[in-house]
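# Results of the structural survey
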Amino acid sequence: MIGEGLFTDRTKHTTEFQELSLEASVLSSSRYAGRSTAATRHKSKAGGRSSGRSGRKYSDAKSYKSSVPSNEPQPETSEDAPESEPQEVPPPSFLFQVNQLPVDDNGIPPRTTEGGVWIPPIYRAAFGPQSAGNLYRWNPNGRITLATDCTWHNGFRSGSGERIRTYSTRTVFWCNPWAQFMVATGDASDRDMADSDHPHNIWWPLSFDHDGAISRVMENAGSPYLAGSGPAWIADLGLSSYTHCEDRPSEGLSGNLATLFGIIAMSCSARHFDNLLTRALRYNNWLGHDRRDGRDDQRGVVVHIYLDPENPLGSTMGKLADLEADGPALIT
């Protein structure tokens, strides 16, 4: 790939990361001072974390019955009714879709860093129409299949006709060999980021939380580097310049699901993605492929993550947040 020799220049990459992070910080503090940052949901976990996580609290709503006497027959008490066994919660699963997002400046001057490096637009008019991708299911065992049980009708709908719920969306760009990956919350083409509230006004450079030797990609995470080095997926996914300075073996990649599949999508061209996805990533093992990478300058994708309607107990907002923050590596 053009510029590949620049990937190993750690000093250059660190400087660009600091410059992009400083730009994000200045934009946030100058226009949105006092607002709390909610870029990622983190859950505290004992040991192995390189950055702190705030614990999540779940609501524990309880229902109450009226104590007014009634002549109606009363239900069986807990002493009379047979005890029911607790329902087993299945492991998580989710659906995902990768849409191609072209840049179409429409007369809007391109954005660059102070060093003249191109970075993604902050106005919706600078994007072209999206090309919709297929809907896939990530199964509990890590197997990826087409979600043929869902159809499109003013939004994806399950077999019962109900609209499937969105869990999260991210816009991922491969800018060039200097700025490399940048991520925005949501669909960057459906709003003017310049006028959006924090954190939806920022293009974030890739960063990672370290969970032992597992790297969790997040916005505004603790490190610009992966937690380890060694596996082939690091180079195949364009993450060579994010390799940790210490030579220690990596145990995999996880984190924000939409960002993760945006990075995977850039490993090949859009026209080869459907053919290569299920062959290159099987049961969370990265097997790679023989096609050239798809990290062309200024290439963007919008990735949607949906709750799996076939797994209502295991595919919930809370379960997927747990998978991102504390689950096993999804790429090894």
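Coordinates for the structure precede this section.
A brief report on the enclosed structure follows.

Parameters and conventions
Residues numbered from 1 in each chain as written. Predicted model: local features only at pLDDT ≥ 70, side-chain atom pairs only at ≥ 80, totals over all residues. Heavy atoms only, no water. Helix = DSSP H or I, 4+ residues; strand = E, 2+ residues; numbered from the N terminus. Buried < 20%, exposed > 50% of the residue type's maximum accessible area, 1.4 Å probe, protein only. Contact = heavy atoms within 4.5 Å. Areas by Shrake-Rupley, 256 points an atom, 1.4 Å probe, with all protein chains shown as cover. Pairing = 2+ DSSP bridges. Polar contact = N/O pair within 3.5 Å; in protein donor to acceptor, adjacent residues only side chain to side chain. Phe/Tyr/Trp six-rings, centres within 6.5 Å; stacked < 30°, edge-to-face > 60°. Lys NZ or Arg CZ within 6 Å of the ring centre and 35° of its normal. Axes fitted to C-alpha atoms, helices over the stretch in contact; angles between N-to-C directions. Core = buried A, V, L, I, M, F, W, Y, C linked by side-chain atoms within 4.5 Å.

## A short note on the overall build of the protein
Counting secondary structure elements, the protein contains 5 helices and 16 strands. Buried positions account for 50% of the 332 residues belonging to the protein. Contacts in the protein between residues far apart in sequence, at least 24 positions, make up 68% of those at least 6 positions apart. Here the protein has roughly 17,000 Å² of accessible surface; of this, 49% comes from carbon and sulfur atoms.

## Remarks on the pairing of strand S11 (residues 207–211)
Most of S11 is tucked away, with 5 of its 5 residues classed as buried. Neither face of S11 is exposed, since Ser 207, Asp 209 and Asp 211 on one face and Phe 208 and His 210 on the opposite face are all buried. Between S11 and the antiparallel strand that follows it, strand S12 (residues 214–218), lie 2 residues; Gly 212 among them carries a positive phi value of about 65 degrees.

## Some details on helix H3 (residues 257–265)
In terms of burial, H3 is a largely internal element, 9 of the 9 residues being buried. Listed in full, the buried residues belonging to H3 are Leu 257, Ala 258, Thr 259, Leu 260, Phe 261, Gly 262, Ile 263, Ile 264 and Ala 265. Capping the start of H3 is the job of one residue whose side-chain oxygen sits 3.2 Å from the backbone nitrogen of Ala 258: Asn 256.

## Here's the deal with the packing of aromatic side chains
Throughout the structure, instances matching the rule amount to 13 aromatic pairs. With 5.9 Å between their ring centres and 75 degrees between their planes, Phe 208 and Tyr 242 make a pair best called edge-to-face. Taken together, the residues span a long stretch of sequence, with Phe 208 in strand S11 and Tyr 242 in the loop between helix H2 (232–236) and strand S13 (253–255) at a distance of 34 residues. For Phe 208, a relative accessible area of 0% gives the class buried. On the basis of relative accessibility, which here comes to 1%, the residue Tyr 242 falls in the buried class. By way of ring pairs, the aromatic residues Phe 94, Phe 96, Tyr 136, Trp 138, Phe 261 and Phe 273 are connected into one cluster. The cationic tip of Arg 295 hangs over the ring face of Trp 174; the distance from NZ or CZ to the ring centre is 5.9 Å.

## Quick notes on the sheet that holds strand S9 (residues 181–185)
Strand order in the open sheet formed by 7 strands is S5-S4-S1-S16-S8-S9-S10, with antiparallel pairing between adjacent strands. At either end of the open sheet lies a strand with only one pairing partner, and these are strand S5 (144–146) and strand S10 (204–205). Two elements, strand S4 (residues 135–138) and S5, share 3 bridges in a ladder whose sense is antiparallel. Its bridge partner being in S5, Tyr 136 is matched across the sheet by Leu 146. Set on the sheet, helix H4 (residues 273–280) makes contact with strand S1 (94–101), S4 and S5; between it and S4 the angle comes to about 5 degrees. The sheet contacts of helix H5 (residues 317–326) involve S1, S4, strand S8 (166–174) and strand S16 (299–307), and relative to S8 the element is tilted by about 40 degrees.

## Observations concerning the nonpolar core
Phe 96 and Leu 239 are the most contacted members of the largest nonpolar core, which totals 45 residues. For Phe 96, the residues in contact, after removing those within four places along its chain, are Asn 134, Leu 135, Tyr 136, Arg 137, Trp 138, Ile 144, Phe 261, Leu 277, His 304 and Ile 305.

None of the figures reported here should be taken as evidence of function without further support.
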